[in-house]
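If you want the building blocks of each chain, they are given just below.
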Amino acid sequence: MFNYKDVLETIDMVEREHLDIRTVTMGISLLPCIRATAQETARCVYDTVCAKAEKIVQVTGELSDEYGIPIVNKRVSVTPVSLICAAFPAKAGLVGKALDDAARNLGIDFLGGYSALVHKGMADYERTFIESIPGVLASTERLCSSVNVGSSKSGINMDAVRLMGDIIKQTAEATAANDGFGCAKLVVFCNAVEDNPFMAGAFHGVGESGTVINVGVSGPGVVQHAIEAIPEADLSELAEMIKRTAFKITRAGQLIAREAAKRLGAEFGIVDLSLAPTPARGDSVAQILEEMGLECVGTHGTTACLAMLNDAVKKGGVMASSRVGGLSGAFIPVSEDIGMIESAEKGVLCVDKLEAMTAVCSVGLDMIAVPGDTPADTLSAIIADEAAIGMINNKTTAVRIIPAPGKGVGDCVNFGGLLGRAPIMPVHKQSASKFVARGGLIPAPIHSNKN
Amino acid sequence: MRAVVTVVGKDKTGIIAKVSAFLAERGINILDISQTIMDEYFTMIMMVDLRGATEGLAEIAKECREMGEKIGMSIHIQHEDIFNAMHSV
């Protein structure tokens, strides 16, 4: 028999502290779907995704009821579509539409993998594919896209970085009626991971097996609550407490992942323990940092607090799961975290500070809205900065930035639901266009030469 | 398969009777039961065996929640593995 404390702690975590399984994501390989024409390929892609993920909503619903833990999102990630469409890149949109239709048919909110990996070089078919992204994101509802432009091993492909500045601008303009919402579904990565279950950056890597279940667990509220309980603790004690809490949360994820994989006839992939905030109060990474002793997230000390949080979360998570993967750490998406939103509105949290924070946490500049008149070169330069942090530190970094059309500093964009609202943040006015226009490859750092 | 039933709420007469009747109607056998008053709240934890259950756990969990709302208590039934996973190394 269990003791009261343990049982009630689990109930409290779910009922009051927003513990949830954030996502059960099925990774599906589309490589067997390649056919001679785009039409045939699109049809096969639709049939494959619908057949393999047919039961994902039903099974996760049952698991949620049986184990008493909410499973918030059910999603699908697929092989980067640029590979599937290499023979007919100009018609990649057909496959994009097929995937969007499949997502709608399955009843899932997002499907990721309209992606290209161009971290070392960009073939003609990949350039054509990337150029299709704005139109496809504007004409689909649930499809997410990502492009990997750099890695610690290969360096940073600055031609791709330059192109992505333009693509982000075009995507914002193509979805101007919704404040550039298309950009919320587009991520530019350095060191993208192949088993990330979280959107919008999820895709199913070619090194993965056919059908895999990856699970993302979350629980910023649980960590915040645990810290609240020991207000006088020093930082080592705090780190221990975070580790223990992360352990418990990850164990729940591991259990659900194994069971979901079994019932869906897929392999168990990884558990990604990421503190992923939602706009709900009490489900915020910023509030954890403030609970550690900051008056407002974004002030001096924020980077140190975040570094400790991220590391402690990883240590607890690694101990708890047989396979940890994905991004595993703390997320800092501005529009999806009430503490970040409020700090940005006060002008405390700025893009420069966020950039520093991305050097010590698991992702990058995420869900940041900037003025609509921000030049494409500036967006490319922001991407280059983030990619440089990822490349040198051997970690994943990403940019998901929304140059909101017609909006300026002081305005706000509201995407609703889990994507939240974002105050427009100022960017530097000085140009980086000459640097961006140079193109070429930023060579891989010396410490990547380990062979 | 075993599951854990938790009942938390303001103390009143007949809680155990109602919950155990609910379980018996569905062929669920109670293996262990412990109950206390914590901070003026009635708190009961039961270990139950679902081998003879007439419905699936997901269905029972929904009915448990509904019954809880009816009698003003928070009632959950969860697969025992979730507690094993989270609270033992």
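Residues numbered from 1 in each chain as written. Chains lettered and ligands numbered in written order. Predicted model: local features only at pLDDT ≥ 70, side-chain atom pairs only at ≥ 80, totals over all residues. Heavy atoms only, no water.

## Section: the overall build of chain B
Then, in step 1: What chain B contains, in helices and strands, is three helices and four strands.
Then, in step 2: Sequence-ordered secondary structure for chain B, helices as α and strands as β, is β-α-β-β-α-β-α.
Then, in step 3: Relative to the globule expectation of 12 Å for 89 residues, the C-alpha radius of gyration of chain B, 13 Å, shows essentially globular dimensions.
Then, in step 4: The C-alpha extent of chain B, read off along each of the three principal axes, is 35 × 30 × 20 Å.
Then, in step 5: Residues classed as buried in chain B amount to 46% of the 89 residues present.
Then, in step 6: If you sum the accessible surface of chain B, you get close to 4400 Å²; carbon and sulfur atoms cover 49% of it. (Helix = DSSP H or I, 4+ residues; strand = E, 2+ residues; numbered from the N terminus. Rg over C-alpha atoms; globule rule 2.2 N^0.38 Å. Buried < 20%, exposed > 50% of the residue type's maximum accessible area, 1.4 Å probe, protein only. Areas by Shrake-Rupley, 256 points an atom, 1.4 Å probe, with all protein chains shown as cover.)

## Side note on the overall build of chain A
Then, in step 1: On a plain count of helices and strands, chain A comes out with 16 helices and 14 strands.
Then, in step 2: A globule of 451 residues ought to have a C-alpha radius of gyration of about 22 Å, and chain A, at 21 Å, matches this closely.
Then, in step 3: Across its three principal directions, the C-alpha atoms of chain A cover 60 × 50 × 50 Å.
Then, in step 4: Within chain A, the fraction of its 451 residues that count as buried is 63%.
Then, in step 5: Partitioning the intrachain contacts of chain A with sequence separation of at least 6 by distance along the chain shows that 79% fall at a separation of at least 24.
Then, in step 6: Just so you have it, chain A exposes about 16200 Å², and 52% of that area is on carbon and sulfur atoms. (Contact = heavy atoms within 4.5 Å.)

## Considerations on the sheet that holds strand β2 (residues 29–38) of chain B
Residues and elements named next belong to chain B.
Then, in step 1: Taking strand neighbours across the sheet as the criterion, the four strands line up as β2-β3-β1-β4 in an open arrangement whose pairing is antiparallel. Each edge of the open sheet is held by one strand with a lone partner, namely β2 and β4 (74–79). Mean inter-strand twist for the sheet, computed between neighbouring axes without regard to direction, equals 15°.
Then, in step 2: Where β2 and strand β3 (residues 41–49) come together, nine bridges link them in antiparallel fashion. Counterpart to Met38 in the pairing with β3 is Tyr41.
Then, in step 3: In the packing of helix α1 (residues 15–25) onto the sheet, contacts are made with β1 (2–10), β2, β3 and β4, and the angle to β3 comes to roughly 25°.
Then, in step 4: Together, β1 and β4 form the strand contacts of helix α2 (residues 57–71), whose direction differs from that of β4 by roughly 165°. (Pairing = 2+ DSSP bridges. Axes fitted to C-alpha atoms, helices over the stretch in contact; angles between N-to-C directions.)

## Description of a nonpolar patch on the surface
Then, in step 1: A cluster of nonpolar side chains, A:Leu31, A:Ile34, A:Leu83 and A:Val206, forms an exposed patch at the surface whose accessible area comes to about 300 Å².
Then, in step 2: Within the fold, A:Ile34 resides in the loop between β1 (20–28) and α2 (38–52). (Patch = residues over 30% accessible without salt bridge, like charges linked within 9 Å, V, L, I, M, F, W, Y side chains within 5 Å. Salt bridge = Lys/Arg side-chain N within 4 Å of Asp/Glu carboxyl O.)

## Side note on empty space enclosed by the protein
Residue and element names in this part refer to chain A.
Then, in step 1: Inspection of the entire model under this criterion finds one cavity of 30 Å³ or more.
Then, in step 2: In this structure, the largest cavity spans a volume of roughly 390 Å³.
Then, in step 3: Of all the secondary structure elements, the ones that give two or more residues to the lining of the largest cavity are β2 (71–78), β6 (186–190), β10 (365–371) and β11 (397–404).
Then, in step 4: With three residues, β11 is the single largest residue contributor to the lining of the largest cavity. (1 Å grid on protein atoms, 1.4 Å probe; cavity = no way out; pocket = protein on both sides within 12 Å on 5 of 7 lines; lining within 4 Å. Points joined across faces, edges and corners; volume = space filled by probe spheres on them.)

## Comments concerning the packing of aromatic side chains
Aromatic ring pairs: the centre-centre distance and the angle between the two ring planes describe each pair.
Residue and element names in this part refer to chain A.
Then, in step 1: Here the structure, examined in full by the defined rule, presents three aromatic pairs over all chains.
Then, in step 2: With 4.5 Å between their ring centres and 35° between their planes, Tyr114 and Phe129 make a pair best called tilted. In this pair, Tyr114 is assigned in strand β3 (residues 111–117) and Phe129 in helix α6 (residues 124–131), connecting sequence segments 15 residues apart.
Then, in step 3: Since its relative accessible area comes to 1%, Phe129 is described here as buried.
Then, in step 4: Aromatic side chains Phe198 and Phe331 sit 4.9 Å apart centroid to centroid with 80° between the ring planes, which places their arrangement in the edge-to-face category. With Phe198 in the loop between β6 and β7 (211–218) and Phe331 in the loop between β9 (329–330) and α13 (338–346), this pair connects stretches of sequence that are 133 residues apart. This pair shows no difference in class: Phe198 is buried, exactly as Phe331 is. (Phe/Tyr/Trp six-rings, centres within 6.5 Å; stacked < 30°, edge-to-face > 60°.)

## Some details on the interface of chain A and chain B
Then, in step 1: The partner chain B presents 32 residues to the 24 residues of chain A that form the contact.
Then, in step 2: Buried area between chain A and chain B, both sides added, is near 2500 Å², and the carbon and sulfur share of it is 71%.
Then, in step 3: On inspection of chain A and its partner chain B, the count reaches two salt bridges.
Then, in step 4: Across the pair A:Asp65 and B:Lys62 runs a salt bridge, and its minimum N-O distance is 3.8 Å.
Then, in step 5: Taken together, the links from chain A to chain B amount to seven residue pairs in polar contact (both at pLDDT 80 or more).
Then, in step 6: Listing elements by their share of the side of chain A that touches chain B, those giving two or more residues are α1 (4–15), α3 (56–67) and α10 (235–264) of chain A.
Then, in step 7: No other element matches α1(A), which puts nine residues into the side of chain A that touches chain B. (Buried area = accessible area lost by both parts, 1.4 Å probe. Polar contact = N/O pair within 3.5 Å; in protein donor to acceptor, adjacent residues only side chain to side chain.)

## A short note on the layout of surface pockets
Then, in step 1: Volume-wise, the largest pocket comes out at about 680 Å³.
Then, in step 2: Around the largest pocket, the lining comprises 23 residues; the ones closest to its centre are A:Lys5, A:Leu8, A:Glu9, A:Asp12 and A:Arg16.
Then, in step 3: Within the residue set of the lining of the largest pocket, elements represented by two or more residues are α1, α9 (220–228) and α10 of chain A together with β3 of chain B.
Then, in step 4: Looking at the lining of the largest pocket, the element that brings in the most residues is α1(A), giving seven residues.
Then, in step 5: Class assignment of the residues belonging to the lining of the largest pocket gives a composition of 10 nonpolar, four polar and nine charged. (Nonpolar A, V, L, I, M, F, W, Y, C, P; charged D, E, K, R; others polar.)

Geometric values such as these leave the question of function open.
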